[in-house]
Each structure stands twice: as structure tokens, then as C-alpha cells.
Amino acid sequence: MFRTFRGGQSGGWRVTSISPVAGEPLPFMPALSVTDGDAVALPLVPSRNAWRLVGVASSLRYTERPEKQQLVAVQAGLGRVEATCAALIPIRKSQAWWELTQEERRKIFEDKSHHIASSLRFLPAVARQLYHCRDLGEPFDFLTWFEFAPAHASLFEELVGMLRRTEEWSYVEREVDVRMVKE
Ligand code: HEM
């Protein structure tokens, strides 16, 4: 259920860049490994040579039935052989966001920012998975993970650029953009 992303010296993905988008950055590590299992129970050994982020794929909070149907109809799964590029974008939203009600958040997320409606056209080129970690006492609220083929790299830039200009993103107080290629 838990997925662990470890930036360090070895792993299946070679890190090409780690860019701070908002707030505190993460130190550059040459590789990223992705593992499954209850890593939260492992002792967190602070290290200058690695960092570790844990999240859980959870139930949908904002997606409504017709949107879910649209997504399911076009989305691609993780692990496609041609999708040799990946992005891990950990995000934390502000106190102001979390003080809103579910209904108010949905209004900003979709009615005003069109997060789902505007992102649909990037499927199936970009495969995605959202992990929640706010309630795990992690430094971020979400770990977002994306996989795409090198030919779709500029399409992915368009997608992140579009979302970062939305009202939803005015609530993002920490965001780091980790890019990598499959080894
Ligand atoms: C949430 C779709 C790209 C960051 C969601 C949700 C959907 C979605 C359906 C709502 C999940 C729920 O109901 O709880 C998409 C699609 C994308 C895309 C189709 C196109 C590939 C991105 C990108 C980022 C991102 C590029 C980051 C730069 C997030 C975050 C959430 C989220 C942080 C959680 C929001 C919250 O719960 O407050 N996305 N997304 N998404 N997405 Fe995206």
C-alpha cells in the first residue's frame, strides 16, 4: 500500500534534475529507487547521501463520476516500456487550503482551475499516479508521479506550466520537481 521514493546513490531511475519550484528544495541525488511496502515503520536514518519520501495511493477526493469515466477511458498505466522519462513532484499546500471545506476546495480545484478538464488532453501520453502523505506526518501532502516517452517531454512541460498558473497553485507552498530517466 505504501510506496517509497528514495533519492540516493542507486536505483532504477537516473536523476537528471531536481528543481525547487516553491519553498525548501531537496538536495540533488544521482538516483531514485521506488519500492513498495510499509517503509514508514523503518527507522528514519538521517543521511546526507539520501532522502526518502513515502505516500499511499488513496481514494479519490474530488473526482466526480463523469470525470472518473473520462479518465478511465483514456488513461495509461504505469510501467510502459516506452515511458522512459519520469517526474516525481512532491507538493505541500498551505494551511489556508486545508482550512477550506471539501466543497470549497473542489470549487478551486476544478470549477476555477479546471485541473481535470484541462489535463485530460495530456492522456494517455502522460501516465500518472497520486500518492497522499499529509496524514503520515511527511514533509509533503502529496507525491505526484508521472511517466512519459522522451517524445512527449515538451508536452509534459506544457502540462506543468499550465497547472502552475492556476488558482489551485496559489495554495502550493512547497513544490520540488524531480526529473529522471530509466536506467
Ligand atoms: C489531483 C488528474 C497532472 C498534481 C488530481 C485529481 C485528478 C487529477 C483526477 C483528483 C484526485 C481526487 O479526486 O482526489 C490529473 C491529470 C493530469 C494531472 C489527468 C495529467 C496528466 C498533474 C500534474 C501535477 C498534479 C502535472 C503536478 C505538477 C496534483 C495534485 C493533486 C492532484 C497535487 C491533489 C490535489 C488535492 O487533493 O488537493 N489530479 N492530474 N497533477 N493532481 Fe493532478
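Residues numbered from 1 in each chain as written. Predicted model: local features only at pLDDT ≥ 70, side-chain atom pairs only at ≥ 80, totals over all residues. Heavy atoms only, no water.

1. Concerning the environment of Glu 104
And step 1. Here Glu 104 lies in helix α3 (residues 102-112).
And step 2. Distance from Glu 104 to Ala 125, taken between C-alpha atoms, is 31 Å for residues 21 residues apart in sequence.
And step 3. In terms of polar contacts, Glu 104 uses its side chain to reach the backbone amide nitrogen of Thr 101, at 2.7 Å. (Helix = DSSP H or I, 4+ residues; strand = E, 2+ residues; numbered from the N terminus. Polar contact = N/O pair within 3.5 Å; in protein donor to acceptor, adjacent residues only side chain to side chain.)

2. Considering the nonpolar core
And step 1. Leu 32, Trp 51, Leu 88, Leu 143, Trp 145, Val 178 and Met 180 are the most contacted members of the largest nonpolar core, which has 19 residues in total.
And step 2. Contributions of two or more residues to this core are made by β2 (13-22), β4 (51-56), β5 (85-93), β7 (142-148) and β8 (172-182).
And step 3. Residues contacting Trp 51, with those up to four places away along its chain left out, are Phe 5, Arg 6, Gly 7, Ile 18, Leu 26, Pro 27, Met 29, Leu 32, Leu 88 and Val 178.
And step 4. Core analysis: the next-biggest nonpolar cluster, separate from the first, contains 16 residues, Ile 89, Ile 91, Phe 156 and Leu 163 among them. (Core = buried A, V, L, I, M, F, W, Y, C linked by side-chain atoms within 4.5 Å. Buried < 20%, exposed > 50% of the residue type's maximum accessible area, 1.4 Å probe, protein only. Contact = heavy atoms within 4.5 Å.)

3. Description of the site of the ligand
And step 1. Taken together, 25 residues lie near the ligand, and Arg 61, Tyr 62, Thr 63, Lys 93 and His 115 sit nearest.
And step 2. One of the backbone nitrogen or oxygen atoms of Arg 61 is found 2.6 Å away from an oxygen atom of the ligand.
And step 3. Taking His 115, its side chain carries an N or O atom lying 2.9 Å from a nitrogen atom of the ligand.
And step 4. Secondary structure elements with two or more residues in the shell around the ligand: β5, α4 (115-119), β6 (127-132), β7 and α5 (153-164). (Near = heavy atom within 4 Å.)

4. What about α5?
And step 1. For α5, spanning twelve residues, the distance from its first C-alpha to its last is 17 Å, which sits close to the expected 16 Å at 1.5 Å a residue.
And step 2. Along its buried surface, α5 packs onto β5, α4, β7 and β8. (Expected span 1.5 Å × (residues − 1).)

5. So, the pattern of salt bridges
When their charged atoms lie close together, side chains carrying opposite charge are able to pair.
And step 1. If you walk through the whole model with that rule in mind, you get 13 salt bridges.
And step 2. Residues Glu 183 and Arg 14 are paired through a salt bridge, measuring 3.7 Å at the closest nitrogen-oxygen approach. Remark: Arg 14 occurs in strand β2 and Glu 183 occurs in the segment after β8; sequence separation between them is 169 residues.
And step 3. Overall, Glu 183 belongs to the exposed group, its relative accessible area being 63%.
And step 4. A residue is classified by how much of its surface remains accessible, and Arg 14, at 39% relative accessible area, is partly exposed.
And step 5. Residues Glu 175 and Arg 164 are paired through a salt bridge, measuring 2.9 Å at the closest nitrogen-oxygen approach. With a gap of eleven residues between them, Glu 175 in strand β8 and Arg 164 in helix α5 connect regions that are remote in the sequence. (Salt bridge = Lys/Arg side-chain N within 4 Å of Asp/Glu carboxyl O.)

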